[in-house]
Amino acid sequence: MIGTSTAVRPLSQADLDDTVALLGRDPCLDVFVGARVHASGLAPSRLAGELWGYYEESRLRSLCYSGANLVPVAASGRAARTFADLAVRRGRRCSSIVGPADAVLSMWDLLRPEWGPAREVRSCQPVMALGAPPAVEADPLVRRVRPDEIDLLLPAAIAMFTEEVGVSPTGTDGGAYYKARLTELVRAGRAFARFEDGEIVFKAEIGAVTPHACQVQGVWVRPERRGERLSVGGMAAVVKHALREIAPAVTLYVNDFNVAARGAYRRVGFTEVGRFATIMF
């Protein structure tokens, strides 16, 4: 409790309607938490974490998901500080803090003395969205990855993750968890790739999905094929599939220093709708 008019507490299924209403205010920005709420209905056994609610005058104003990632939603400066204070008391359980840049960086200012140093701070990651057909032709060779092609997708996915995050996703279990998650996406029809001579030259997956938007992740082009604009036609194909069969808007976020990727996404038709930041441990 802060003062007499604000409070923060874990949310339960009884808070679902208020939570969904808050997430609906900016559905293209809050896809990750929205997907967790949509899939779980806030049932603890399916949420894979905890969702904190920040209240002002008894009204839900902000959220923060606490699980493998710490993700603030619609967090004012005061809410961000409150979430950071709670996170300190709970202890670090996450591998990253990710979300709207102002809230994430405000939280990190308070968390750094307890949780720092970070492995990497990415303070500016444009969030981009597209809710209309792509502005360029889709690559006709980009298609859904079949379940029998998991072993072809996995090396490309590991290469992408390692290049993007700076560590391998194989971890201490030899990559079993990562492969299982990738398999889920393939079986759900949310992994796409262009194959040439039995190898993947472009790939992307759709991770989080809500009734309002979906989020593309894992965009990768084989290094020796970069510069051929494979990501432009490839992303157009992913967007085309997604808008037709998955959600009415497609979103992603990208590092500000990745000029080539940002240019490719703009050519497809994506526009910037916000800014994220990520703190990685």
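Residues numbered from 1 in each chain as written. Predicted model: local features only at pLDDT ≥ 70, side-chain atom pairs only at ≥ 80, totals over all residues. Heavy atoms only, no water.

**A closer look at the UniProt feature "domain: N-acetyltransferase" (unreviewed entry) in the chain**
And then number 1: In the UniProt entry, the feature "domain: N-acetyltransferase" (unreviewed entry) is given for residues 140-281.
And then number 2: Secondary structure content for residues 140-281 is 38% helix and 30% strand, and the end C-alpha separation is 39 Å. (UniProt positions renumbered as here; feature names shortened; annotations may be inferred. Helix = DSSP H or I, 4+ residues; strand = E, 2+ residues; numbered from the N terminus.)

**A look at the sheet that holds strand β1 (residues 6-10)**
And then number 1: Strands sit in the order β1-β2-β3-β4-β5-β12-β6-β11-β10-β9-β8-β7 across an open sheet of twelve strands; the sheet is mixed. Bordering the open sheet on either side are β1 and β7 (142-144), each of which pairs with just one other strand. Along the sheet, successive strands turn relative to each other by an average axial angle of 25°, direction set aside.
And then number 2: The strands touched by helix α5 (residues 101-115) are β3 (59-66), β4 (69-73), β5 (96-100), β6 (120-130) and β12 (271-280); relative to β5, the strand with the most contacts, the crossing angle is about 155°. (Pairing = 2+ DSSP bridges. Axes fitted to C-alpha atoms, helices over the stretch in contact; angles between N-to-C directions. Contact = heavy atoms within 4.5 Å.)

**Quick look at the packing of helix α6 (residues 150-165) against helix α7 (residues 176-187)**
And then number 1: It is at 10 Å that the axes of α6 and α7 come closest, and there the two elements cross at 120°. Crossing hand, α6 versus α7: right-handed. Between α6 and α7, the residues in contact are Ile150, Asp151, Leu153, Leu154, Ala157, Ile158, Met160 and Phe161 and Tyr178, Lys179, Leu182, Thr183 and Val186, respectively.
And then number 2: Counted by class, the contact of α6 with α7 contains ten nonpolar, one polar and two charged residues. (Left-handed = near helix turned anticlockwise from the far one by under 90°. Nonpolar A, V, L, I, M, F, W, Y, C, P; charged D, E, K, R; others polar.)

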